[in-house]
2 protein chains.
Amino acid sequence: MIELQVDLADRSYPIVIGAGLLKDPPTMRQAVGDKRALVITNQTVADLYLAQVQTALDSTIVGECVIGDGEEFKNIETFEKVIGTMLGHRLDRGSLVIALGGGVVGDLGGFAAACYQRGIDFVQLPTTLLAQVDSSVGGKTAVNHALGKNMIGAFHQPIAVIIDTDTLKTLPDRELQAGIAEVIKYGLIGDHEFFAWLEVNIEKLMARDPQALEFAIERSCRNKAMVVSKDEREGGLRAILNLGHTFGHAIEKCLGYGQWLHGEAVGAGMVSAARMSAILGYLTEDDVTRTLDLVRRAGLPSGLPDSVSDEQMLEAMRVDKKNAQGRITLVLLDAIGTARITRDYPDHALLEALSRSRER
Amino acid sequence: MIELQVDLADRSYPIVIGAGLLKDPPTMRQAVGDKRALVITNQTVADLYLAQVQTALDSTIVGECVIGDGEEFKNIETFEKVIGTMLGHRLDRGSLVIALGGGVVGDLGGFAAACYQRGIDFVQLPTTLLAQVDSSVGGKTAVNHALGKNMIGAFHQPIAVIIDTDTLKTLPDRELQAGIAEVIKYGLIGDHEFFAWLEVNIEKLMARDPQALEFAIERSCRNKAMVVSKDEREGGLRAILNLGHTFGHAIEKCLGYGQWLHGEAVGAGMVSAARMSAILGYLTEDDVTRTLDLVRRAGLPSGLPDSVSDEQMLEAMRVDKKNAQGRITLVLLDAIGTARITRDYPDHALLEALSRSRER
């Protein structure tokens, strides 16, 4: 068992990583405490893990709220339903929300905790690789709007994140791969040693080697915790965590949420960002190739979907939280392990990057 | 022109009070700055004041979002519509929301600003007495849920509050009276001198004497700013601002939102709280009579509505954000000008208070 700390003054919290933690009462009780708690989850995850959580925490659980499984349920309608369930169970400001599931459950459950009676505590129990290495850490909570992903949300830190690596045993291959996209991201934006490790060990991750997964999760969480500690509310640095995401969000939106997984869109988006970085002369073609190769070896798409035009991509990219002064903000690479955030680029470079991202 | 400060470290902001401020470009521009701004308002207020605001701020206004007039529109559906308008105008994190109107516009507009892309700045331009002395100051934003009032919200401070007392000239009598309920509250919970001033000057307020109104607004805002500065997130002290509100929210909910105005329900609720305080021996019968008389002289209801039973009241009071450990939290009076927050009372005292609140 490994314990890291996200360092945020009075909002600091632990990330505990290990096998079998969901069925380990001492770990669970220490993180969750003895507050009256409601579990938010989806049916798939409930069937697999809800009983473990209920057994470990026993009487502190007053009920559960089961939402639909998929990005298309991360909306205001589901949010209102969850709040209704919380009210039905008479949760008060001293109660707790437990988000048991992947990114959708964590983002929506966290946002419900952020808004319920203007804010109550919550704990993240991420069960997908993507949630474990990315969305459960850092306090970003949100739901989607028809006009843009994650446009309605709050910064609301959990009081604890418990990562049970055993949950990855039941994760579909496609979702595992989507999670690896975010793992690769940490190598690209700030950890070239980790990127090199991934080049050697990617097949082990794909084969779910427990030691490799635990190492990759820990290293990813350390990278994320460091960035979040320096810039909780995305005043600057934190935006580098969005490498590939401006392209990726646009892909998801244009295809309709739920067609490509978030991580799949980010995989293709990181390749687009690398291509644009090379067009601008920041990144060598050799490093573009390394990026492309690793993304492909992870089983992720490395180009834009044929059904989406460049114009549709641009239109969608113009609605992004990081944009300012009417310019699309991009995270680009100076090298593997070094990223920059910029709005200062010629528009033709972005168009060319989109065009090259259609090459197979 | 009077300027107060709400003292909250890096979230401090000014409250500017005076006649004709909405059409005073220097005041407006200083408070609002030059950010791209969207005005949220309702049709009634738009017809009266939107042109003034547009003229004073000129090109910084990129559009407006007009919502329905009334508490029944303070819901998730309207909230989603407002977010859609914000997205349609391509607001980014450097943009601004201006809430021009009463409590519904301020609470909902503030909540939209709190959630839009996880939080952008907003300015309050309150046009009702209730919003000027209460809801626009202190950063509480929210919408209602079918199961409870203000159950979905955020603490999100405005960057400025501009109170143009001229807007009260067009306020319907019933809404003026509803605002006076909150003014009386400040006297009851912490300012016995102000209560005594109100006993002398209540008819002047009712007659909209400009000097009397300006004094009452300033004094109310000073009282509120002091409480909020000490306890921004309602960890303790701030709950005293809810005198009469637990009873009042229950009345509003049982009758259906929009039947009684919030201030009317608070007027009756303060009398119920005073009666209960006397039943418990905290408050003299003489002070109950002073409270009852002032509420009546303000044209406010002083008893519970006949159509709502004691059981319905209790059931509704059990869903309140201040409750804890399954107990209804109440604000009670030790004297005029001194309040206490308590969950420690015999249940029969609450029942008796409800019963006496039906006396005419």
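Please refer to the structure placed before this passage.
Residues numbered from 1 in each chain as written. Chains lettered and ligands numbered in written order. Predicted model: local features only at pLDDT ≥ 70, side-chain atom pairs only at ≥ 80, totals over all residues. Heavy atoms only, no water.

Re the nonpolar core
Ranked by size, the top nonpolar core spans 76 residues in total, and within it Ile15, Ile184, Phe247, Met276, Met313, Leu330 and Leu350 of chain B carry the most contacts. Apart from the residues within four sequence positions on either side, methionine 276 of chain B is in contact with Phe247, Leu330, Leu332, Tyr345, Ala349, Leu350 and Ala353 of chain B. (Core = buried A, V, L, I, M, F, W, Y, C linked by side-chain atoms within 4.5 Å. Buried < 20%, exposed > 50% of the residue type's maximum accessible area, 1.4 Å probe, protein only. Contact = heavy atoms within 4.5 Å.)

Details of the relation of the copies chain A and chain B
Each copy of the sequence occupies a distinct position, and chain A is placed on chain B by a rotation of 180 degrees and an axial shift of 0.0 Å, giving an RMSD of 0.0 Å. Taken together, these values place the two copies in the relation of a two-fold axis. The C-alpha atom lying nearest the rotation axis in chain A is that of isoleucine 76 of chain A; the distance is 4.0 Å. Counting the interface residues of chain A, we find that 100% of their copies in chain B are interface residues as well, pointing to one common contact surface. (Least-squares fit on C-alpha atoms with pLDDT ≥ 70 in both.)

Focus on the packing of helix α6 (residues 173–190) of chain B against helix α8 (residues 210–230) of chain B
A pair of packed helices is characterised by two quantities: the angle between their axes and the separation of those axes. Residues and elements named next belong to chain B. Where α6 meets α8, the axes come as close as 10 Å, and the angle between the chain directions of the two elements is 50 degrees. Here α8 runs oblique to α6, going by the angle between their axes. Handedness of the crossing formed by α6 with α8: left-handed. Seen from α6, the contacting residues are Leu176, Val183, Tyr186 and Gly190; seen from α8, they are Leu213, Ala216, Ser220, Asn223 and Lys224. For the contact of α6 with α8, a count of residues per class yields five nonpolar, three polar and one charged. (Axes fitted to C-alpha atoms, helices over the stretch in contact; angles between N-to-C directions. Helix = DSSP H or I, 4+ residues; strand = E, 2+ residues; numbered from the N terminus. Parallel < 35°, antiparallel > 145°, perpendicular 65-115°, else oblique. Left-handed = near helix turned anticlockwise from the far one by under 90°. Nonpolar A, V, L, I, M, F, W, Y, C, P; charged D, E, K, R; others polar.)

Examining the pairing of strand β9 (residues 160–164) of chain A
Residues and elements named next belong to chain A. Burial within β9 is extensive, with five of its five residues counted as buried. Burial along β9 is two-sided: the residues Ala160, Ile162 and Asp164 and Val161 and Ile163 are all buried. In the sheet, strand β2 (residues 13–18) pairs with β9 via four bridges, with the strands oriented parallel. Opposite valine 16, over in β9, you have isoleucine 162 as the bridge partner. Relative to β9, strand β6 (residues 121–126) runs parallel, the two being bridged by two bridges. (Pairing = 2+ DSSP bridges.)

Things to note about the sheet that holds strand β5 (residues 96–101) of chain A
All names here are of chain A. Reading across from one edge, β1-β2-β9-β6-β5-β3-β4 is the order of the seven strands in this open sheet, with mixed pairing throughout. In this open sheet, the two edge strands, each paired with only one partner strand, are β1 (2–6) and β4 (61–67). Direction aside, neighbouring strands of the sheet carry axes that sit 20 degrees apart on average. By the bridge criterion, six bridges tie β5 to β6 in an arrangement that is parallel. Directly across from alanine 99, in β6, lies its bridge partner glutamine 124. Sitting on the sheet, helix α3 (residues 76–88) touches β3 (37–42), β4 and β5, and the angle it makes with β4 is about 160 degrees. Set on the sheet, helix α8 (residues 210–230) makes contact with β1, β2 and β9; between it and β1 the angle comes to about 15 degrees.

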